Amino acid sequence: MSKIKSSNLGYPRIGENREWKRALENFWSGVISETELIEKTTEIRLRNLKKQQEKGIDLIQVNDFSLYDHVLDTAITFGIVPKRFNYTGGKVDVHTYFAIARGTDGAVASEMTKWFNTNYHYIVPELNDVTPSLVENRALTFYKEAKDKLGIDGKPVILGPVTFVKLAKGYDPQEFSTIVETFVPLYIQILQELVEAGASWVQIDEPILVTQLSKEEIAVVEKVYEAFAEHVPHAQIILQTYFEKITAYEKIVNLPVKAIGMDFVHGDSLELLKTYGFPKDKVLAAGIIDGRNVWRANLAEKRTILEVVKQLVHHNQLIIQPSCSLLHVPVTKTLEQKLDNVIYDGLSFADEKLDEAVTLAKGLNHGTVSVQADLDQANEAIKQLIETYQSNDEVRKKVAHLTTADAQRSISFTERIEKQKQRLQLPLLPTTTIGSLPQTPEVRRTRTKWRKGEITDQAYEQFVKEQMKRWIKIQEELDIDVLVHGEFERNDMVEYFGEKLNGFTVTEFGWVQSYGSRCVKPPLIFGDVSWDKPITVKESVYAQSLTERPVKGMLTGPVTILNWSFVHNTTPRYEIMKQIALALQKEIESLEEEGITIIQVDEPALREGLPLDRKKWNEYLTQSSQAFRLATATARADTQIHTHMCYSNFEDIFDCIDDLDADVISIETSRSHGEIVSIFEENTYQKEIGLGVYDIHSPRIPSVDEIKQNINRALQTIAPNQFWINPDCGLKTRKEDETIAALKVMVQAAKEVRNKQLASQK
């Protein structure tokens, strides 16, 4: 390797203006044909590649683009389609592909869960009674496309077999080695075809290697890559890891591959190199640019680290790249016209991160004047950013003097729940929804007009009131017990609070993919967080005035606001989390003053933020539960505090869930087909709980029997007087007709089970 190269691991799919999202949703709604969908997404994919080519990236990845999710793409590569979708073999068509992700009238969607400790959701492969075969070499297809149309000798990216099987379901864990072995010949065929087509490098992603694997599982990894080396000796494989340091480092770096990719941002990889060295016959792909945050890199510091790294690898056997795929950051900052200049200069989205990687590679190869100018410019921007950081001494003083007692409710749950039942007078198995209601095109258009100044504040407020009034009536007609105001005034559950709290700023185009076509726009935390005035009270009070039934106040919790924001590192994350908690405490008190009896403080990102390094778990979970309790500590005993979590492996955080001391928790369970109930079979949980009884991320309408089955499964473990009935997540992305139809079925199922329970108690 004659020079240090720059590389990329993955690029955002969504397009600068979310063209990808619109193409998908237009196809799903029948506005465009399959041919048009393929044409539009091909255009986006090639534009992404060309941009990287023009920026001077040496190793440009291909096969990272997806119509929905890269894990689902890997599954259909091998013909892994659940039997309920009536797949008969061969290349998986687009309609079947989307059916797996979104469900159909006759078949539920596959489970969806978080991609490691990120807010990206992947579709969980189902290996039940499926014999994999290579039905489509997608990596080869996209390699040839880049080469033929753009002259790019791309670096195909493939999700590795060990990670793929570990993330899948539907097999006995004791058979892990056997299952992986069935995929090895298929991966060998993919690699052989890529080498024959001329691919110089192949990136195989194995992020599972930063988690805790058993000795037996590490042995499987060794066996897999030894097989690759034996059967495809000319394949130059980059074994890519990210999100943490490699756990079995000494074994992994000695695998027979050409290069090892390591995260030098989120794991202490430099210490591993210093302690154990690095093989002389391998290239190190150093993930030095943060692929998960949007603040500009301090290139001088990065260069210093790389100079140390350079001494630990052999003869410039080094690649400079982001720490992970840039899927987790927005596309480009160039569209941002309204940000403060200092903040703008201090930002780095996907395109800017590629520039940073190229600059560092050039600087290490030959420190030219132009490279030094780039370094100086970056350093000056960071200096200005730090100097203008918004500090709040009063908030810092409050945080510094917090005690354990400040994060405790006034009395125990057992005492609280009796007061709450007396105040609320709810029926057995009460029904509710999670919070948001459908945001129709009309809602989105009206908000856009308001933001552009095309309608007045008064006109917009009146529109929101009309939406709330209409949906309060709909919920009453459906006979839902605890109502919501619908959140029609909110663009996003975190961004909305970022617009209202001090210490935040928001972007116009900083979108990132969360799941499917769903994109979110994380706010930027650039200062100490504080509360000035009520945020949600006006809407909650208005909605409550329209009905005798309780209407929940809806807040986003401190852990989720932190985890779903791009946080500047000037202040430790836990300090910021406590600042957010104190701000939410003020908001809860304001809601109570206006008579709101139920307040939901959502924490869907709590499990997501769990460190991949188990040694860090206890600290994170303790901090998270303390922050939540701090936010809710001053609530009245007869105010019922709810929280919501979704799409996570809850067995890892069961004790923390209990420690939150929320009166009611709602958890996704329908998409995992009720499997989460087993956690409550193995653990005692005394508080109230709602296990989501139908999947809102699918357009299909569940049947009454289907929902009753989910309810009855839960009631085998959870007492009826503890159990709530609700969808598994917010309804913001659903259409009105399907939402009303699904809720009608849910309420009917709840009533039938309720009546049966009451009859059995007589």
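Presented here is an overview of the structure given in this document.

Scoring rules and cut-offs
Residues numbered from 1 in each chain as written. Predicted model: local features only at pLDDT ≥ 70, side-chain atom pairs only at ≥ 80, totals over all residues. Heavy atoms only, no water. Salt bridge = Lys/Arg side-chain N within 4 Å of Asp/Glu carboxyl O. Helix = DSSP H or I, 4+ residues; strand = E, 2+ residues; numbered from the N terminus. Buried < 20%, exposed > 50% of the residue type's maximum accessible area, 1.4 Å probe, protein only. Axes fitted to C-alpha atoms, helices over the stretch in contact; angles between N-to-C directions. Parallel < 35°, antiparallel > 145°, perpendicular 65-115°, else oblique. Left-handed = near helix turned anticlockwise from the far one by under 90°. Contact = heavy atoms within 4.5 Å. Nonpolar A, V, L, I, M, F, W, Y, C, P; charged D, E, K, R; others polar. 1 Å grid on protein atoms, 1.4 Å probe; cavity = no way out; pocket = protein on both sides within 12 Å on 5 of 7 lines; lining within 4 Å. Points joined across faces, edges and corners; volume = space filled by probe spheres on them. Pairing = 2+ DSSP bridges. Phe/Tyr/Trp six-rings, centres within 6.5 Å; stacked < 30°, edge-to-face > 60°. Core = buried A, V, L, I, M, F, W, Y, C linked by side-chain atoms within 4.5 Å. Right-handed = clockwise from strand over helix to strand, strands pointing away. Polar contact = N/O pair within 3.5 Å; in protein donor to acceptor, adjacent residues only side chain to side chain.

1. Observations regarding the pattern of salt bridges
The tally for this structure, following the rule as stated, stands at 44 salt bridges. In this structure, K91 and E136 form a salt bridge, with 3.8 Å as the shortest nitrogen-oxygen distance. Placement of K91 in the loop between α3 (70-77) and α4 (94-102) and of E136 in the loop between β4 (121-123) and α5 (138-150) is noted, with a sequence separation of 45 residues between them. Accessibility expressed as a relative area gives 13% for E136, which makes it buried.

2. Details of unusual backbone geometry
Despite not being glycine, F243 has its phi angle at roughly 85 degrees, a positive value. In this fold, F243 is placed in the loop between β7 (237-240) and α9 (249-252). Of note, Q425 is a non-glycine position whose phi angle comes to about 55 degrees, a positive value. Here Q425 is to be found in the loop between α16 (413-424) and α17 (441-451). Given the relative accessible area of 60%, Q425 is considered exposed.

3. Quick look at the packing of helix α26 (residues 704-715) against helix α27 (residues 736-761)
Viewed as axis vectors pointing N to C, α26 and α27 meet at an angle of 45 degrees, and their least axial separation amounts to 9 Å. Relative to α27, α26 is oriented oblique. Regarding α26 and α27, the two cross each other, and that crossing is right-handed. The residues of α27 that touch α26, namely those facing V704, I707, K708, I711, N712 and L715, are V745, M746, Q748, A749, A750, E752, V753 and Q757. Its residues assigned to classes, the contact of α26 with α27 comprises nine nonpolar, three polar and two charged.

4. Considering the layout of surface pockets
Taken as a whole, the second largest pocket spans an internal volume of roughly 1,800 Å³. Sorting the residues of the lining of the second largest pocket by element identifies α1 (19-28), α17, α19 (495-500) and β13 (518-520) as the ones contributing at least two each. At six residues, the largest contribution of residues to the lining of the second largest pocket is made by α17. Partitioning the lining of the second largest pocket into residue classes produces eleven nonpolar, 13 polar and 21 charged.

5. Focus on the sheet that holds strand β11 (residues 502-505)
Adjacent strands of a sheet form backbone hydrogen bonds with each other and so pair up, either parallel or antiparallel. Pairing within the open sheet is mixed, and its three strands lie in the order β11-β14-β16. Edge positions in the open sheet fall to β11 and β16 (566-567), since each of these has one partner strand only. Taken together, the three bridges between β11 and strand β14 (residues 524-530) define a ladder with antiparallel strand orientation. Residue pairing across strands places F504 opposite I525, the latter belonging to β14. Strands β11, β14 and β16 of the sheet are contacted by helix α22 (residues 573-593), whose axis makes an angle of about 55 degrees with β14.

6. Examining the packing of aromatic side chains
For the coordinates displayed, the defined rule picks out 21 aromatic pairs. When the ring of W450 is compared with that of Y460, the centres are 4.3 Å apart and the planes differ by 5 degrees; the resulting orientation is stacked. Taken together, the residues span a long stretch of sequence, with W450 in helix α17 and Y460 in helix α18 (residues 457-478) at a distance of ten residues. Overall, W450 belongs to the partly exposed group, its relative accessible area being 26%. Both rings, one in F654 and one in Y685, keep their centres 6.0 Å apart while their planes meet at 70 degrees; by these two values the pair is edge-to-face. You can see F654 sitting in helix α24 (residues 654-659) and its partner Y685 sitting in the loop between α25 (677-682) and β20 (688-691), a full 31 residues away along the chain. Like Y685, F654 is buried.

7. Side note on the nonpolar core
Counting 243 residues, the largest nonpolar core has W115, F164, F228, L284, I320 and F723 as the members making the most contacts within it. Among residues more than four places away in sequence, those in contact with F723 are L429, P430, I689, L691, I711, A714, L715 and I718. Residues L59, A259, A285 and I319 belong to the second largest nonpolar core, which totals seven residues.

8. Considerations on the sheet that holds β20
Judged by pairing direction, the sheet is parallel, and its six strands sit side by side in the order β15-β17-β18-β19-β20-β21 without closing on themselves. Here the strands that pair on one side only, and so sit at the sheet edges, are β15 (553-556) and β21 (723-724). Examined bridge by bridge, β15 and strand β17 (residues 598-602) share four bridges and lie parallel to one another. Residue pairing for β17: L555 is matched across the bridge by V601. The strands that α22 touches are β15 and β17; relative to β15, the one it contacts most, it runs at about 180 degrees.

9. Some thoughts on the pairing of strand β9 (residues 283-289)
Counting buried residues along β9, seven of its seven residues qualify, which places the element largely inside the surrounding structure. Here five bridges tie strand β8 (residues 259-263) to β9, and the two strands are oriented parallel to one another. What sits directly across from I260, in β9, is L284. In terms of handedness, the path from β8 via helix α10 (residues 269-276) over to β9 forms a crossover that is right-handed. Where β9 meets strand β10 (residues 318-322), five bridges bridge the pair, whose relative direction is parallel. The residue of β10 that forms the bridge with L284 is L318. Regarding the hand of the β-α-β motif, the stretch spanning β9, helix α11 (residues 299-312) and β10 is right-handed.

10. Let's talk about empty space enclosed by the protein
For the structure on display, the rule yields eight cavities of 30 Å³ or more. As for the largest cavity, its lining consists of 28 residues, and the residues nearest its centre are N63, H70, V157, I158 and L159. Secondary-structure elements contributing two or more residues to the lining of the largest cavity are α3, α5, β5 (155-159) and α7 (176-197). Element by element, the count of residues in the lining of the largest cavity is highest for α3, at four residues.

11. Quick notes on the side chain of S6
Within the secondary structure layout, S6 lies in strand β1 (residues 5-6). With relative accessibility at 1%, the residue S6 sits in the buried group. Within the structure, the side chain of S6 is placed 3.5 Å from the backbone oxygen of G56, a separation counted as a polar contact.

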